[in-house]
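Topology and contacts: notes
The lines below spell out each chain.
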Protein chains: 2
Amino acid sequence: MSQQRPGSSGPAVPVPALPDLPEATVARLPEYLRALHSLAEAGDETVSSEGLAAAAGVNSAKLRKDLSHLGSYGTRGVGYDVARLIKQIEQVLGLTRGWAVALVGIGNLGHALAGYGGFASRGFRIAALFDADPNRVGEEINGLVVRHIDELPRVVAEEGIAIGIITTPASAAQSVADQLVAAGVTSILNFAPCVLSVPEGVDVRKVDLAIELQILAFHEHRKASLTALPGGSSAANRRPARRRTGGTGSVKAVSS
Amino acid sequence: MSQQRPGSSGPAVPVPALPDLPEATVARLPEYLRALHSLAEAGDETVSSEGLAAAAGVNSAKLRKDLSHLGSYGTRGVGYDVARLIKQIEQVLGLTRGWAVALVGIGNLGHALAGYGGFASRGFRIAALFDADPNRVGEEINGLVVRHIDELPRVVAEEGIAIGIITTPASAAQSVADQLVAAGVTSILNFAPCVLSVPEGVDVRKVDLAIELQILAFHEHRKASLTALPGGSSAANRRPARRRTGGTGSVKAVSS
DNA sequence: CACGATTTGTGCACGCCTTCACAAGCGAAT
DNA sequence: ATTCGCTTGTGAAGGCGTGCACAAATCGTG
């Protein structure tokens, strides 16, 4: 594998040579990053794969393989240098520059996201707020003034915005997505419960809160019907409180 | 924790025998459900796998396989009966009963979720709001009064709450999770950026908004470095606007 | 009744991801 | 210098999920 690794200390090289990362790994890197920041705050200078895996809620073997994909920097017998690994991951994820983000749809959720502090602390700056409703335009949230969506193209260009967040009702989402794309945005985080149609080259990630609840409901539903079954009290086969993360559980079935 | 699905209209067979659903399928069923509701509103009575797949943003073969897992109800040569399929999926997901949900942490995000209309319309009722801050207790949101978290055990029992949503800061999340579990909640949707530790049998799903942005940033970062590469203007190899959903794109690398 | 058009349901092969298990490598202690 | 304990990095195996391609089934029509 190509494990390019120019001196990282010298920020001379912007992007060494993007390693080929499995999508599953990319999705976990941010979680590792968060865990690392937490460890750094606690004063830890190094951490073992076991320790970091626990903090991130994953399997340690998986963690090691993930890190190995980006030309890992661990020291056998010791572990990983926390500060170094943070820089490495931030580099790979492209977080060394700040990203300007446009937020469209200042309703309930949009309002909350506009005021959410969790973005700024992780390299994202909400650079502009938009809405189509003239009554909302002009309102100030967290130091930002809500603009009319017609200004989108100009502001996107001015601020160098590449990422957009859609928090409009589903009925408006596609239109907003089209406008974002037309304005030059190439990554969209969609909170509206609908499928967006975008041209090749534009990335869309969807977050649907109701869907998350429905998935939980399924498991809840299943658990409920399991307890009311022949197997009797399955308390016996419960393991000694194994700790789980957001991870998936296996879905076993009751035969007939 | 009783299950109980009241005999919905007609269908003689209540719950044949919980089918063994792959987790990936479970995660997609809610999306199909949303698409189906949309089709029903449009007046469609039947839909082909191709049509439904398009509306849900997935491959038609995948859709058929997913549906086949729950003892499919399609008619060859015709398609699926929309109303019937809706009932079927709702049955499997356990949405025939309404789920009472507790929301803990009435900050920016919690406030927004408390007022979010997308839950009620999909079978979830926010039954109670909690916060630890005495200043927030008593506030009324959307007809609900914020209670102190000490009341959690009583209210959970009274309202039959099985699902909890955590929208507190990360520092408080673990403690809140413990309290939820102690009160009898067995499914948690966690918005706090941290790993929760819960006993076996409790499901946790995590939604981290900053992580979503970081994943987008990675792809954006990659796209940016690609355009600045030898290949020249890749405008030529753009396909005629292939439509994508929240789905994943493959992460191809630049070999050299 | 027979036929053709259409669409479902699924066997199969492929690729990705996960997990195990272990050799290689590093540091500390003797 | 050597040994010993610990931890990383990875080869290999297994499982899961995806997508193709096609047989089976159903409806409408003549």
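Residues numbered from 1 in each chain as written. Chains lettered and ligands numbered in written order. Predicted model: local features only at pLDDT ≥ 70, side-chain atom pairs only at ≥ 80, totals over all residues.

**Topic: the overall build of chain A**
- Per the secondary structure count, chain A includes eight helices and ten strands.
- In chain A, which comprises 256 residues, the proportion classed as buried is 41%. (Helix = DSSP H or I, 4+ residues; strand = E, 2+ residues; numbered from the N terminus. Buried ≥ 20, exposed ≤ 12 C-beta atoms within 10 Å, placed from the backbone.)

**Things to note about the protein's contact with DNA strand D**
- Among the 27 residues in the neighbourhood of DNA strand D, the closest are listed as Ser49, Gly74 and Gly77 of chain A together with Pro22 and Gly77 of chain B.
- Mapped by element, the contributors of at least two residues to the surface near DNA strand D are α2 (49-56), α3 (60-69) and β3 (79-81) of chain A together with α1 (23-41) and α3 (60-69) of chain B.
- The residue makeup of the surface near DNA strand D, split by class, is nine nonpolar, ten polar and eight charged. (Near = placed C-beta within 6 Å. Nonpolar A, V, L, I, M, F, W, Y, C, P; charged D, E, K, R; others polar.)

**Brief notes about unusual backbone geometry**
Residue and element names in this part refer to chain A.
- With a phi close to 55°, Asn142 is a non-glycine residue in the positive phi region.
- Inspection of the secondary structure assignment puts Asn142 in the loop between β6 (140-141) and β7 (144-148).
- You can call Asn142 partly exposed: it has 13 C-beta atoms within 10 Å.

**A closer look at the protein's contact with DNA strand C**
- Neighbouring DNA strand C are 27 residues, the closest being Pro22 and Gly77 of chain A together with Ser72, Gly74 and Gly77 of chain B.
- For the surface near DNA strand C, the secondary-structure elements that each account for two or more residues are α1 (23-41) and α3 of chain A together with α2 (49-56), α3 and β3 (79-81) of chain B.
- Examining the composition of the surface near DNA strand C, we find that five residues originate from one element, α3 of chain B, more than from any other.
- Considered class by class, the residues forming the surface near DNA strand C number nine nonpolar, ten polar and eight charged.

**Some remarks on the packing of helix α8 (residues 209-227) of chain A against α1 of chain B**
- The contact between α8 of chain A and α1 of chain B brings their axes to 9 Å, and the two run at 125°. Relative to α1 of chain B, α8 of chain A is oriented oblique. The element α8 of chain A and its partner α1 of chain B pack so that their crossing is right-handed. On α1 of chain B, the residues touching Ile211, Gln214, Ile215 and Phe218 of chain A of α8 of chain A are Val26, Ala27, Pro30 and Glu31 of chain B. (Axes fitted to C-alpha atoms, helices over the stretch in contact; angles between N-to-C directions. Parallel < 35°, antiparallel > 145°, perpendicular 65-115°, else oblique. Left-handed = near helix turned anticlockwise from the far one by under 90°. Contact = placed C-beta atoms within 7 Å.)

**Some thoughts on the pairing of strand β7 (residues 144-148) of chain B**
Residues and elements named next belong to chain B.
- When strand β5 (residues 124-131) meets β7, the two strands line up parallel, connected through three bridges. Paired with Leu129 across the bridge in β7 is Val146.
- The pairing of strand β6 (residues 140-141) with β7 spans two bridges and is antiparallel. Within the sheet, the bridge partner assigned to Glu140 lies in β7 and is Val145.
- What sits between the antiparallel neighbours β6 and β7 is a turn of two residues, in which Asn142 has the positive phi angle 55°. (Pairing = 2+ DSSP bridges.)

**What to know about the sheet that holds strand β8 (residues 163-166) of chain B**
All names here are of chain B.
- Taken in spatial order, the seven strands make up an open sheet running β6-β7-β5-β4-β8-β9-β10, and their pairing is mixed. If you trace the sheet from one side to the other, it starts and ends with β6 and β10 (203-206), each paired once.
- Two strands pair when backbone bridges link them, and strand β4 (residues 99-104) and β8 are joined in this way by four bridges, in the parallel orientation. Bridged to Leu103 within β8 is Ile165.

**A closer look at the confidence of the model for chain A**
All names here are of chain A.
- Residues of chain A with pLDDT of at least 70 account for 82%, and the chain-wide mean is 86.
- Below a pLDDT of 50 lies the segment residues 1-15, which in the model reaches 13 contacts outside its immediate sequence neighbourhood of four places, other chains included.
- Confidence over residues 245-256 falls short of pLDDT 50; this stretch has 23 contacts with residues more than four positions distant or in other chains. (pLDDT = per-residue confidence, 0-100.)

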